[in-house]
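# Topology and contacts: notes
Each chain, written out:
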Amino acid sequence: MNYLIGDIQGCCGALERLLQALDFSPSRDRLWLLGDLVNRGPESLRTLRRLIDLGDAATSLLGNHDLHLLAAAHGVRRPHAGDTLDDILQAPDCAALMDWLRHQHLATFDNGWLMVHAGVPPQWSLDDTLTCAQEVEAVLRGPDLADFLHAMYGNEPARWDAGLTGTDRLRFTVNALTRLRFCTPDGTLDFKTKDGAGAAPAGHLPWFDVPGRRTADTPVAFGHWSTLGLLNRPHLLGLDTGCVWGGCLTAARVDGSTREIIQVPCAQAQRPGG
Ligand SMILES: Nc1ncnc2c1ncn2[C@@H]1O[C@H](COP(=O)(O)OP(=O)(O)OP(=O)(O)OP(=O)(O)OC[C@H]2O[C@@H](n3cnc4c(N)ncnc43)[C@H](O)[C@@H]2O)[C@@H](O)[C@H]1O
């Protein structure tokens, strides 16, 4: 069976309880983790090791917190207050863990589902999304990783232009795939608003509601947006249900036309707004 799982954020106990609830078997089942594997929760190191141990039974996407971990490990960013990455950064095998992390995905398309951590700009087709993701993945896996991590931060360019090149193009892709919630109909990304779908800034919409979105006919699964909560529409699954904030950890079983949502409640590891 195929399961898509929302943001774990280091809540490994919740992951274990969810796998039990699924009666998960690594020889029979496949998992797709929708990013933000680590940080803010209590057991980031244990979570990474668990995912690595799953081998081919699990495919992991990178979220903004996972990229932040790579940046912290390369000395590009200082850990923030509220980060819970120290156990990884101080682990004797930190370099090997980071090597695994940088080989994970920014987007993937499997079993008819396009999967990303945050969102897909309305102007991108499925092919555009996978191509742009692969461009970033190649840099993450290559010799220029540290330089790229320095250049990755920033909110510009906020609007897609097929003519973008170099660092600007890569930064736009990272911001779209790992940070997007709201955008304008012309695809200008907003990075300020973190509230639910009803809190759209003037002139903005949740990215998935933009009229004419080119991936509207492609099933898309994403995480990242805990204040949105579970989104379950025919071609959309939003699966960040705020595990780390005391919500649930959510899996969606997607086999052919079958869809089933399975959730386990989570202990609150961080206080919203804290
Ligand atoms: N290119 C890049 N540029 C910039 N940064 C990059 C980057 N690449 C990586 N990063 C990194 O991204 C990291 C996070 O940045 P942040 O800016 O802190 O991330 P965020 O938007 O708060 O998103 P998060 O992923 O935590 O989402 P969530 O819905 O859980 O939480 C969102 C909010 O919802 C609130 N919330 C959750 N549950 C709530 C509830 N029940 N009620 C009210 N509020 C709630 C929380 O308080 C929280 O503030 C940073 O460490 C940064 O370095």
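Residues numbered from 1 in each chain as written. Predicted model: local features only at pLDDT ≥ 70, side-chain atom pairs only at ≥ 80, totals over all residues. Heavy atoms only, no water.

Per an unreviewed UniProt entry, the chain carries the name Bis(5'-nucleosyl)-tetraphosphatase, symmetrical and comes from Pelomonas baiyunensis. Under the heading Catalytic activity (unreviewed entry), UniProt records this for the chain: "P(1),P(4)-bis(5'-adenosyl) tetraphosphate + H2O = 2 ADP + 2 H(+)". (UniProt positions renumbered as here; feature names shortened; annotations may be inferred.)

A separate point is unusual backbone geometry. Each neighbour pair has its own omega, and for Glu156 with Pro157 the value is -5°, a cis peptide bond. Within the element layout of this structure, Pro157 appears in the loop between helix 7 (145–152) and helix 8 (166–179). Unusually for a residue other than glycine, Asp23 sits at a positive phi of about 55°. Mapped onto the elements of the fold, Asp23 is located in the loop between helix 1 (12–22) and strand 2 (30–33). We classify Asp23 as exposed; its relative accessible area is 54%. Positive phi values are uncommon outside glycine, yet Asp36 reaches one of about 55°. Mapping Asp36 onto the fold places it in the loop between strand 2 and helix 2 (44–53). A relative accessible area of 2% places Asp36 in the buried class. (Helix = DSSP H or I, 4+ residues; strand = E, 2+ residues; numbered from the N terminus. Buried < 20%, exposed > 50% of the residue type's maximum accessible area, 1.4 Å probe, protein only.)

Taking the numbering used here, the UniProt-annotated feature "domain: Calcineurin-like phosphoesterase" (unreviewed entry) corresponds to residues 4–129. Helix makes up 37% of residues 4–129 and strand makes up 13%, while its end C-alpha atoms are separated by 19 Å.

By nearness alone, 20 residues border the ligand, and Arg40, His65, Ser226, Trp245 and Gly273 come closest of all. Within the side chain of Trp245, one N or O atom sits 2.9 Å away from an oxygen atom of the ligand. In the complex, 77% of the free accessible area of the ligand, which totals 980 Å², lies under the protein chains. At the level of elements, helix 3 (64–73) and helix 8 are the ones that each hand at least two residues to the shell around the ligand. In terms of residue class, the shell around the ligand is built from five nonpolar, ten polar and five charged. (Near = heavy atom within 4 Å. Polar contact = N/O pair within 3.5 Å; in protein donor to acceptor, adjacent residues only side chain to side chain. Areas by Shrake-Rupley, 256 points an atom, 1.4 Å probe, with all protein chains shown as cover. Nonpolar A, V, L, I, M, F, W, Y, C, P; charged D, E, K, R; others polar.)

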